[in-house]
Amino acid sequence: MNRNHRGFTLLEVLIAMIILASGIVLLASAWSSSTGRMKKTQYNTEMAALLERKVAEIDFKYQGKPVESIPDEEEDDFEGAPDYSWEMTSKVFEMPDISAALTGRDGGASQLMIMLMKQFSEYLGKAIKEVTVTVSYNKAKKPLKASVTLFFVDFNKEPPLGALSGMGGGGP
């Protein structure tokens, strides 16, 4: 047999094809995962823009109005963006009970102070409404969501000053 022939053996060609095929598979999988991340980023960007727009609309609609005029729930699709929907939920603001912190400090807290804090907490509950706006992209396998929470304050509500009248807090 003449060994002067220059070229590749069948084994060398097969090994080269396996290496080439492996590289193509790795490149294709990297490309597809990158494309998926780019789509998710696009959806998140669109959701952020729609959320910003909806928050501005709700803020404009209810700013300066009594908090009782804000509905408990509201939802709809976006006009011009049928794959996205929005939802608004509202609830009365709940002030945490801080009477334990007041009574636990040095010297404790007087009954008057505890009563004032309780009245003030009730006032805040009536004057503040917590509103959460959520935008969803509904065409994904698992819906993508983004939310923002707003607090509307009714500055026209009178604070409870009844407990202060016995302390000489009134005028001359």
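See above for the structure.
Since the model is a prediction, treat every value here as computed from it, not as a measurement.

Procedures and definitions
Residues numbered from 1 in each chain as written. Predicted model: local features only at pLDDT ≥ 70, side-chain atom pairs only at ≥ 80, totals over all residues. Heavy atoms only, no water. Pairing = 2+ DSSP bridges. Helix = DSSP H or I, 4+ residues; strand = E, 2+ residues; numbered from the N terminus. Axes fitted to C-alpha atoms, helices over the stretch in contact; angles between N-to-C directions. Expected span 1.5 Å × (residues − 1). Contact = heavy atoms within 4.5 Å. Buried < 20%, exposed > 50% of the residue type's maximum accessible area, 1.4 Å probe, protein only. Polar contact = N/O pair within 3.5 Å; in protein donor to acceptor, adjacent residues only side chain to side chain. Core = buried A, V, L, I, M, F, W, Y, C linked by side-chain atoms within 4.5 Å. Salt bridge = Lys/Arg side-chain N within 4 Å of Asp/Glu carboxyl O. Patch = residues over 30% accessible without salt bridge, like charges linked within 9 Å, V, L, I, M, F, W, Y side chains within 5 Å. Areas by Shrake-Rupley, 256 points an atom, 1.4 Å probe, with all protein chains shown as cover. Phe/Tyr/Trp six-rings, centres within 6.5 Å; stacked < 30°, edge-to-face > 60°. Lys NZ or Arg CZ within 6 Å of the ring centre and 35° of its normal.

1. Side note on the sheet that holds strand β2 (residues 81–92)
Taken in spatial order, the 4 strands of this open sheet run β1-β2-β3-β4, and their pairing is antiparallel. One side of each edge strand has no neighbouring strand; the edge strands of this open sheet are β1 (73–78) and β4 (144–153). For this sheet, the mean inter-axis angle between neighbouring strands, taken without regard to orientation, is 15 degrees. Sheet topology places strand β3 (residues 128–137) next to β4; 10 bridges connect them, and they run antiparallel. Bridge pairing links Val133 to Val148 in β4.

2. What about helix α1 (residues 10–62)?
Between its terminal C-alpha atoms α1 stretches 78 Å, which fits the 78 Å expected from 53 residues at 1.5 Å a residue. Residues of α1 that are buried sit in contact with β1, β2, β3 and β4.

3. A word on the side chain of Ser85
Among the secondary structure elements, Ser85 is positioned in strand β2. Classification of Ser85 as buried rests on a relative accessible area of 15%. Looking at Ser85, its side chain comes within polar contact range of the side chain of Asn138, at 3.1 Å. Beyond its immediate chain neighbours, meaning those up to four positions away, Ser85 contacts Asp76, Asp77, Phe78, Thr134, Val135, Ser136 and Asn138.

4. A look at the nonpolar core
Counting 20 residues, the largest nonpolar core has Phe78, Tyr84, Met88, Val133, Val135 and Phe152 as its most contacted members. Of all the elements in the fold, those that place two or more residues in this core are α1, β2, β3 and β4. Tallying contributions element by element places α1 first for this core, with 6 residues. Excluding its chain neighbours within four sequence positions, the residues that come into contact with Phe152 are Ile58, Asp59, Tyr62, Gln63, Val67, Ile70, Ala127, Ile128, Lys129 and Val131. Counting residues in each nonpolar core, the second largest holds 5 residues, with Phe93, Tyr123, Ala127 and Ile128 among its members.

5. Some remarks on the pairing of β1
Across 6 bridges, the pairing between β1 and β2 is antiparallel. Counterpart to Asp77 in the pairing with β2 is Ser85. Hairpin remark: β1 followed by β2, antiparallel, with 2 residues in the connecting loop; positive phi at Gly80, about 85 degrees.

6. Describing the pattern of salt bridges
Counted according to the given criterion, the structure contains 4 salt bridges. Its salt-bridge partner being Glu57, residue Arg53 comes within 3.8 Å of it at the nearest N-O pair. Linking Arg53 with Glu57, this pair stays in helix α1, spanning 4 residues, or about one helical turn. Given the relative accessible area of 38%, Arg53 is considered partly exposed.

7. With respect to a nonpolar patch on the surface
A cluster of nonpolar side chains, contributed by Phe8, Val13 and Met17, occupies part of the molecular surface with about 350 Å² of accessible area. Within the element layout of this structure, Phe8 appears in the segment before α1.

8. Details of the packing of aromatic side chains
Applying the stated rule across the entire model yields 5 aromatic pairs. Judged by centre distance (4.1 Å) and plane angle (20 degrees), the ring pair of Tyr43 and Tyr137 falls under stacked. You can see Tyr43 sitting in helix α1 and its partner Tyr137 sitting in strand β3, a full 94 residues away along the chain. Here Phe93 and Phe151 contribute two aromatic rings whose centre-to-centre distance is 5.9 Å and whose plane-to-plane angle is 85 degrees, an arrangement assigned as edge-to-face. Here Phe93 is found in the loop between β2 and α2 (99–104), whereas its partner Phe151 is found in strand β4, with 58 residues between them in sequence. Among the aromatic residues, those joined into a cluster by ring pairs are Tyr43, Tyr84 and Tyr137. Over the aromatic face of Trp86 sits the side chain of Lys54, whose NZ or CZ is 4.0 Å from the ring centroid.

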